[in-house]
Amino acid sequence: MPRKFIQRIMPNHETVRNSRSLQVFGKLLHDANLWHLNRRSAAGGFAVGLFCAFIPVPFQMVLAAAAAIPFRVNLPLSVALVWVSNPITMPVLFYFCYLIGTWLLGQPSQAFAFELSWQWLGHSITTIGPAFLLGCLIMAIVSSLVGYFTISLLWRQSVVSAWRERAQRMLEKAKQHNSKH
């Protein structure tokens with residue numbers, strides 16, 4: 001079940017391989033291990049993608065691909081999962097990260113209003129920045145671990161279930177065969 005589900009949600013290999021933003025990796029993208037789908041590569045792809053989704057930088061897809069290559073995990077999954085933090089979900093996720101950071105640092109949360117200016121950015125980095133970055137790091141670690149172990153567990157349960165079904169079918173076939181003789 002996890003393999004079929006993951007294959008349905010995974011982007012096309014050629015689309016990812018030919019992405020302009022990933023061309024910087026050149027021949028590294030030709031490693032077959034980056035495109036295989038097994039328990040290790042899927043769980044690792046989830047971990048890398050979810051970790052990178054909580055890193056507040058532009059070009060998270062490139063960052064996920066750069067991490068997937070040395071870890072030799074499924075690159076399309078890694079790249080696709082950074083979209084957990086997309087323009088719609090990002091404000092909520094990053095505000096939650098900020099709240100976690102303030103809680104861990106024992107600071108009260110500060111009211112702020114976004115302003116597109118260098119002055120606001122410089123001021124915010126010193127006031128809300130530490131709590132925000134700590135919250136992002138904690139959420140990146142927690143989400144990647146939860147993703148890794150959840151996919152590993154679901155994959156293992158799926159394999160065990162398939163083995164049991166196969167054993168049951170074989171047992172029923174043997175019983176039918178024995179009853180005929």
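Owing to the predicted nature of the structure, the values given are computational and were not obtained by experimental measurement.

Along the chain, Met-139 falls in helix H8 (residues 129-180). The exposure class assigned to Met-139 is buried, which follows from its relative accessible area of 16%. Measuring from C-alpha to C-alpha, the distance between Met-139 and Cys-97 comes to 6.7 Å, with 42 residues separating the pair along the chain. If we skip the residues at most four places from it in the chain, Met-139 touches Phe-54, Phe-96, Cys-97 and Ile-100.

Judged by nonpolar contacts, the single largest core of 14 residues is most densely connected at Leu-34, Val-48, Cys-52, Ala-64, Ala-65, Ile-69 and Leu-75. Put simply, the parts of the chain that give this core at least two residues each are helix H3 (39-53), helix H4 (60-71) and helix H5 (75-81). It is H4 that contributes the most residues to this core, five residues altogether. The next biggest cluster of nonpolar side chains, apart from the first, holds twelve residues, and it includes Ala-53, Phe-94, Ile-128 and Met-139.

So, about the environment of Ala-47. Its place among the elements puts Ala-47 in helix H3. Setting aside anything within four residues of it in sequence, one finds Ala-47 in contact with Ser-144 and Tyr-148.

Now for helix H6 (residues 90-105). The end-to-end C-alpha separation of H6 is 22 Å, in line with the 22 Å expected for 16 residues at 1.5 Å each. Among all positions of H6, only Phe-94, Cys-97, Tyr-98, Ile-100, Gly-101 and Thr-102 are buried. The inward-facing, buried residues of H6 abut H3 and H8. Positive backbone phi, approximately 70°, marks Gly-106, located one or two places after H6.

Phi at Phe-59 takes a positive value of approximately 65°, unusual for a residue other than glycine. You can see Phe-59 is positioned in the loop between H3 and H4. On the basis of relative accessible area, Phe-59 is assigned to the exposed category, the value being 66%. Residue Arg-72 is not a glycine yet carries a positive backbone phi of 55°. Locating Arg-72 in the fold gives a position in the loop between H4 and H5.

Here the structure, examined in full by the defined rule, presents zero disulfides. Here Cys-136 stays free of any disulfide, with the sulfur of Cys-97 as its closest cysteine sulfur at 4.0 Å.

So, on to the packing of aromatic side chains. Here the distance between the centres and the angle between the planes together describe a pair of aromatic rings. One pass over the structure, following the stated rule, counts three aromatic pairs. Ring centres of Tyr-148 and Phe-149 lie 5.3 Å apart, and the angle between their planes is 90°; this geometry places the pair in the edge-to-face category. Residue classification places Tyr-148 among the partly exposed positions, given a relative accessible area of 31%.

Right, let's talk about the confidence of the model for the chain for a bit. Overall, the predicted model of the chain reaches an average pLDDT of 84, with 83% of residues at or above 70. No element of the chain has a lower mean pLDDT than helix H1 (residues 2-9), at 64, and none a higher one than H3, at 93.

Moving on, we come to the side chain of Ser-41. In this structure, Ser-41 sits in helix H3. Taking relative accessible area as the criterion, Ser-41 reaches 2% and is therefore assigned buried.

Another aspect to go through is the packing of H3 against H8. Two elements in contact, H3 and H8, have axes separated by 7 Å at closest approach and are oriented at 160°. By the angle between their axes, H3 is roughly antiparallel relative to H8. Judged by the sense of rotation from one axis to the other, the crossing of H3 with H8 is right-handed. Where H3 approaches H8, its residues Arg-39, Ala-42, Ala-43, Gly-44, Phe-46, Ala-47, Leu-50 and Phe-51 are matched on the opposing element by Leu-137, Ala-140, Ile-141, Ser-143, Ser-144, Gly-147, Tyr-148, Ile-151, Ser-152, Trp-155 and Arg-156. Of the residues belonging to the contact of H3 with H8, the class tally is twelve nonpolar, five polar and two charged.

Cut-off values and rules
- Residues numbered from 1 in each chain as written.
- Predicted model: local features only at pLDDT ≥ 70, side-chain atom pairs only at ≥ 80, totals over all residues.
- Heavy atoms only, no water.
- Helix = DSSP H or I, 4+ residues; strand = E, 2+ residues; numbered from the N terminus.
- Buried < 20%, exposed > 50% of the residue type's maximum accessible area, 1.4 Å probe, protein only.
- Contact = heavy atoms within 4.5 Å.
- Core = buried A, V, L, I, M, F, W, Y, C linked by side-chain atoms within 4.5 Å.
- Expected span 1.5 Å × (residues − 1).
- Disulfide = S-S within 2.5 Å.
- Phe/Tyr/Trp six-rings, centres within 6.5 Å; stacked < 30°, edge-to-face > 60°.
- pLDDT = per-residue confidence, 0-100.
- Axes fitted to C-alpha atoms, helices over the stretch in contact; angles between N-to-C directions.
- Parallel < 35°, antiparallel > 145°, perpendicular 65-115°, else oblique.
- Left-handed = near helix turned anticlockwise from the far one by under 90°.
- Nonpolar A, V, L, I, M, F, W, Y, C, P; charged D, E, K, R; others polar.

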